[in-house]
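The lines below spell out each chain.
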Amino acid sequence: MEIPVRVRAHHAELAEAGLFGVCGNSGDTIRFDFDAEWDAYPDKTARIIIGSGAARSETEIPFQGDSCVLPAIRQTAVLAVGVEAGDIRTTTAARIPYAACITDIPAEEAQEQPDLYNMLLAELMHQPAQGICNGRYLVSRDGDFLATDAGDYLMTKE
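None of the values given here were measured: they were computed from a predicted structure. Position labels on residues start from 1 in each chain and follow its written sequence. Predicted model: local features are reported for residues with pLDDT of at least 70 only, side-chain atom pairs are reported and counted for 80 or more only, and whole-chain, interface and lining totals are derived from all residues. The basis for every side-chain value is the complete set of heavy atoms in the structure, and neither hydrogens nor water enter the calculation.

Enquirer: Which residues make up the overall build of the protein chain, and what values go with them?
Expert: Helix and strand labels come from DSSP, where a helix needs a run of H or I of at least four residues and a strand needs a run of E of at least two; each type is numbered from the N terminus. Assigned secondary structure in the protein chain consists of one helix and 13 strands. When the helices and strands of the protein chain are listed from N to C terminus, the series reads β-β-β-β-β-β-β-β-β-β-α-β-β-β. Evaluated residue by residue, the protein chain yields a buried proportion of 31% over its 158 residues. Residue contacts follow a heavy-atom distance rule, with two residues in contact if any of their heavy atoms lie within 4.5 Å. Taking as baseline every contact in the protein chain between residues at least 6 positions apart, the subset at least 24 positions apart corresponds to 56%. Carbon together with sulfur atoms contributes 53% to the accessible area of the protein chain, which is approximately 10400 Å² in total. Relative accessibility under 20% of the residue-type maximum defines a buried residue, over 50% an exposed one, and the middle range a partly exposed one, all with a 1.4 Å probe and only protein chains included. Exposure was quantified through the Shrake-Rupley algorithm and a 1.4 Å probe, taking into account, for residues, occlusion by the shown protein chains and nothing else.

Enquirer: Summarise the side chain of T91; cite the residues concerned and give the values.
Expert: Secondary-structure assignment places T91 in the loop between β9 (89-90) and β10 (94-99). Side-chain atoms alone can form a polar contact between residues adjacent in sequence; in general such a contact is a pair of N or O atoms within 3.5 Å, and within protein one must be able to donate a hydrogen while the other accepts it. Looking at T91, its side chain comes within polar contact range of the main-chain nitrogen of V83, at 2.9 Å. Sequence-distant contacts of T91, that is, excluding residues within four places in its chain, are made with V7, H10, A12, W38, G82 and V83.

Enquirer: Describe the packing of aromatic side chains, naming the residues involved and giving the relevant values.
Expert: Between 30 and 60 degrees the pair is tilted, below 30 it is stacked and above 60 it is edge-to-face, where a pair is any two Phe, Tyr or Trp rings, Trp via its six-membered ring, whose centres lie within 6.5 Å. Within the structure shown, the criterion is met by four aromatic pairs. A centroid spacing of 5.5 Å and a plane angle of 15° characterise the contact between F32 and F63, whose relative ring orientation is stacked. Of this pair, F32 sits in strand β4 (residues 29-34) while F63 sits in strand β6 (residues 55-64), placing them 31 residues apart in sequence. This pair shows no difference in class: F32 is buried, exactly as F63 is. Look at F34 and W38: their rings are 5.2 Å apart centre to centre, the planes differ by 35°, and that puts the pair in the tilted class.

Enquirer: How would you sum up the pattern of salt bridges? Please name residues and give values.
Expert: Salt bridges are identified by distance alone: a Lys or Arg side-chain nitrogen within 4 Å of an Asp or Glu carboxyl oxygen. If you walk through the whole model with that rule in mind, you get nine salt bridges. Linking R6 and E13 is a salt bridge whose minimum nitrogen-to-oxygen distance equals 3.4 Å. Residue classification places E13 among the partly exposed residues on the basis of a relative accessible area of 32%. One salt bridge in this structure joins R47 and E60, with 2.7 Å as the shortest N-O distance. Here R47 is found in strand β5 (residues 43-52), whereas its partner E60 is found in strand β6, with 13 residues between them in sequence. What makes E60 partly exposed here is its relative accessible area of 45%. Salt bridges here are not isolated pairs; linked through shared partners, they connect R47, R56, E58, E60 and E84.

These figures come from the coordinates and say nothing about function on their own.
Rendered as structure tokens:
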């Protein structure tokens, strides 16, 4: 993905409204549209500030020309980018919004599901006698099915 940033009179801003990056991708670039003042500076440094909650990190990326390759951005909603060159030539920070990628979303730990058959069987074994089937339940040797002593089929484990 190429993110265009316009630089005019030391002011950097995202060139297209509504544009945003997606976290977790490598190889994204920022293409700067510099005004003529920057023509005298072939060597530049992009300063990237990545904010994630209370933490923030800063990365400097030396480049020539008008574009630089970003590191993979992870778990952040916005990054700020500015450029510096020569003898104290610098810009404001352009803010670039970022959307979380699927690998940034923390998964909840899967809870083991209870064995419903064994729960029902245990519950039935501790119930008082029922008039409908005289309270007698038959369970196969392997615990595969449950039936009444009259032969009424109640449930099977599948």
